[in-house]
Amino acid sequence: MEKTKRPRSGLHWIRVACFVAVTLPNCTRCCPTGFGSCQCNWAWEECPGTSSGCGSCGSSSSGSGCNSMAADEPPPSGVPEASAHGLSVAPAAPAKEDEERGGTHAFVAADSKTFLVVSLGALDEVRTFHVEANALDEDPLTVRPAGLFPFDGERPGRVATDDRGRAVVALRGPGAVVAIDPLRALAGETHAACPAPNALAARQDLTYVACGSGEVVTLRTSDGAEIGRVSLGGALGELAVSGDGLVASAGATLFAFGADAGLTRRDAPGAIEPVRASAGALRVAVGSDLGSFEADGFRSRTHASAPISDLAVLGDATAFVADGEAWLRASEGGDLVPVAEGLAARAVALADVGGEITRRVLVLQTVEPRMLVFFTVPGVPSAAAIEPLE
């Protein structure tokens, strides 16, 4: 069992500046100069007010110092504005509890493309980004904003993805869900679920909603029709697809159920949160312990220095956030390494991203400044791109 304790530095902003300077030595935003050329600006610098186009920046330069690949085609009319220069958003509000719970970032594969869907409860909006892997190690990723979906007063929360290129987002304000198609930059109709949709899971054309009332509601994703409702008892906080069934947690109890398997329950030594599953592997956090349920009960495999607030699992790779610190184990039995030291993390997600080649990518959202930092793994995580969120 490993411990992740290490001394913390109070020189936060100095470490932020050093982190950005070392990992992203060139620009992170390409800005038009108004004279037929582009210049490189840092993520926190505004672009000049001109509409001429430039591509998205990665971690290294080419040509004039910016990634020369053209920006994606603009989304259809009626879709909230998104461009290669960033997104026009309202000033960031204080983070809400929804965002602190994790599970708000998810990758979607659609038509051979990979998109990151980010639910920002503090801003009452959902954003999507097109992520593409490049063959050059010096410029491994291209990240472009793809869509911006405002949900004023609806408090977007958890995100789940299905195998049909869609993301489903919980709207905690109205107690509803909405499906988003990141490829077409379209949001579907809002469908009622339950008063407190705390967690989501999706498979094929089905969306599963874990409710604070103790119920799991099954909706058809395409039209929002309710297919079923089962009461498990207790305020459900987590939900995941596991094999042919589902697992849900309420406090220290883990429920496993399915159409043919009936209902079983397992107890843990503490509150179970978060819960994630990938390729048949189920990972469970109980306070500061990360592990799985074996025949004799919960078995801890990693001990963090604080309760785990977010968790991402992809094959044998695991990433998690504990007390604002992000950690990664790139393979089963591999070393547990810190990610983005000096930057407080809020959420993490993992995906195998295609393009010219396929790369495994870890993304984390930082707390202050609020931004997305993309890393390529395995090995020592290497920062590949930054997208500001405010």
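Our subject is the structure that appears above.
Residues numbered from 1 in each chain as written. Predicted model: local features only at pLDDT ≥ 70, side-chain atom pairs only at ≥ 80, totals over all residues. Heavy atoms only, no water.

Participant: Help me get a handle on the packing of aromatic side chains, residues and values and all.
Facilitator: Counted by the stated rule, this structure contains one aromatic pair. With centroids separated by 5.7 Å and ring planes inclined at 65°, the aromatic side chains of F293 and F298 adopt a geometry described as edge-to-face. (Phe/Tyr/Trp six-rings, centres within 6.5 Å; stacked < 30°, edge-to-face > 60°.)

Participant: Go over the sheet that holds strand β16 (residues 245–250) with me, naming the residues and quoting the values.
Facilitator: Pairing is antiparallel in the open sheet, where four strands are placed in the order β15-β16-β17-β18. The sheet is open, and its two borders are formed by β15 (238–242) and β18 (262–267), each paired with just one other strand. On average, each strand axis in the sheet is inclined to that of its neighbour by 20°, with strand direction left out of account. By the bridge criterion, five bridges tie β15 to β16 in an arrangement that is antiparallel. Each bridged residue has a counterpart across the sheet, and for S242 the counterpart in β16 is G245. (Pairing = 2+ DSSP bridges. Helix = DSSP H or I, 4+ residues; strand = E, 2+ residues; numbered from the N terminus. Axes fitted to C-alpha atoms, helices over the stretch in contact; angles between N-to-C directions.)

Participant: Describe the pairing of β18, and please don't skip the residues or the numbers.
Facilitator: For β18, a buried count of zero out of six residues is recorded, marking the element as mostly open to its surroundings. Of the pairings in the sheet, the one linking strand β17 (residues 253–258) to β18 comprises six bridges and is antiparallel in character. The residue of β18 that forms the bridge with F255 is R265. (Buried < 20%, exposed > 50% of the residue type's maximum accessible area, 1.4 Å probe, protein only.)

Participant: Mind laying out the state of the cysteines, listing which residues take part and the relevant values?
Facilitator: What we call a disulfide is simply a covalent bond connecting the sulfur atoms of a pair of cysteines. Evaluated as defined, the whole model comprises one disulfide. The disulfide partner of C194 is C211, and the gap between their sulfur atoms is 2.1 Å. Every disulfide takes its handedness from the sign of the S-S torsion; for C194 and C211 that torsion is -95°, giving left-handed. Pair noted here: C194 is in the loop between β10 (186–192) and β11 (197–203) and C211 is in strand β12 (residues 206–211), with a separation of 17 residues, a long-range link. Classification of C194 by relative accessible area gives buried; the value is 6%. (Disulfide = S-S within 2.5 Å.)

Participant: Tell me what's going on with the pattern of salt bridges, and back it up with residues and numbers.
Facilitator: Enumeration over the complete set of coordinates arrives at 18 salt bridges. With a closest N to O distance of 2.8 Å, R158 and E238 form a salt bridge. Placement of the pair is R158 in strand β7 (residues 156–161) and E238 in strand β15, with a sequence separation of 80 residues. You'll find R158 and E238 in the same group, each marked buried. A salt bridge links D205 to R166; its shortest N-O distance comes to 3.1 Å. With D205 in the loop between β11 and β12 and R166 in the loop between β7 and β8 (167–171), this residue pair connects regions lying 39 residues apart in the sequence. Judged by its relative accessible area of 15%, D205 falls in the buried class. Counted as one network, the salt bridges with shared partners bring together R158, E238, R276 and D310. (Salt bridge = Lys/Arg side-chain N within 4 Å of Asp/Glu carboxyl O.)

Participant: Please provide a residue-by-residue account of the environment of T207, values included.
Facilitator: Positionally, T207 belongs in strand β12. Through-space distance from the C-alpha of T207 to that of G224 is 8.6 Å; in sequence the pair is 17 residues apart. With residues up to four places along the chain from it excluded, the contact list for T207 reads V168, A201, A202, V217, T218, L219 and T221. Within the structure, T207 has its side chain in polar contact with the side chain of T221 (distance 2.7 Å). (Contact = heavy atoms within 4.5 Å. Polar contact = N/O pair within 3.5 Å; in protein donor to acceptor, adjacent residues only side chain to side chain.)

Participant: Go over the nonpolar core, please, and point to the residues and values.
Facilitator: V339, V348, L350, L362, L364 and F375 are the most contacted members of the largest nonpolar core, which totals 21 residues. Looking at this core, the elements with two or more residues in it are β23 (308–314), β24 (317–322), β25 (325–329), β27 (345–353), β28 (359–366), β29 (371–377) and β30 (382–388). For this core, the element with the most residues is β29, which contributes four residues. Not counting residues up to four positions away in its chain, the partners in contact with V339 are A326, W327, L328, L362, L364, F375 and P381. Counting 20 residues, the second largest nonpolar core, distinct from the first, contains A351, F374, A385 and L389. (Core = buried A, V, L, I, M, F, W, Y, C linked by side-chain atoms within 4.5 Å.)

Participant: I'd like to hear about unusual backbone geometry, residue by residue, with values.
Facilitator: A cis amide bond links E273 to the next residue, P274, at an omega of 0°. Looking at the element boundaries, P274 is found in strand β19 (residues 272–278). In this model, E368 is joined to P369 through a cis peptide bond whose omega is 0°. Its identity is not glycine, yet R155 carries a phi of approximately 50°, on the positive side. For R155, the position within the fold is in the loop between β6 (141–150) and β7. For R155, a relative accessible area of 28% corresponds to the partly exposed category. The phi angle at A340 is positive, at roughly 55°, despite the residue not being glycine. Looking at the secondary structure, you find A340 in the loop between β26 (336–339) and β27. Look at A340 and you get buried, because its relative accessible area is 9%.

Participant: Give a detailed account of the pairing of β23, specifying residues and quantitative values.
Facilitator: Looking along a regular strand, one sees the side chains alternate between the two faces of the sheet. The buried count for β23 comes to six of seven residues, which makes it a mostly enclosed element. In this structure, β23 lies alongside β24, joined through six bridges in antiparallel fashion. When the sheet's bridge partners are listed, A312 is paired in β24 with A319. Taking the residues that link successive antiparallel strands as the turn, the β23-β24 hairpin has two residues, and the phi of G315 there is positive, at about 60°.

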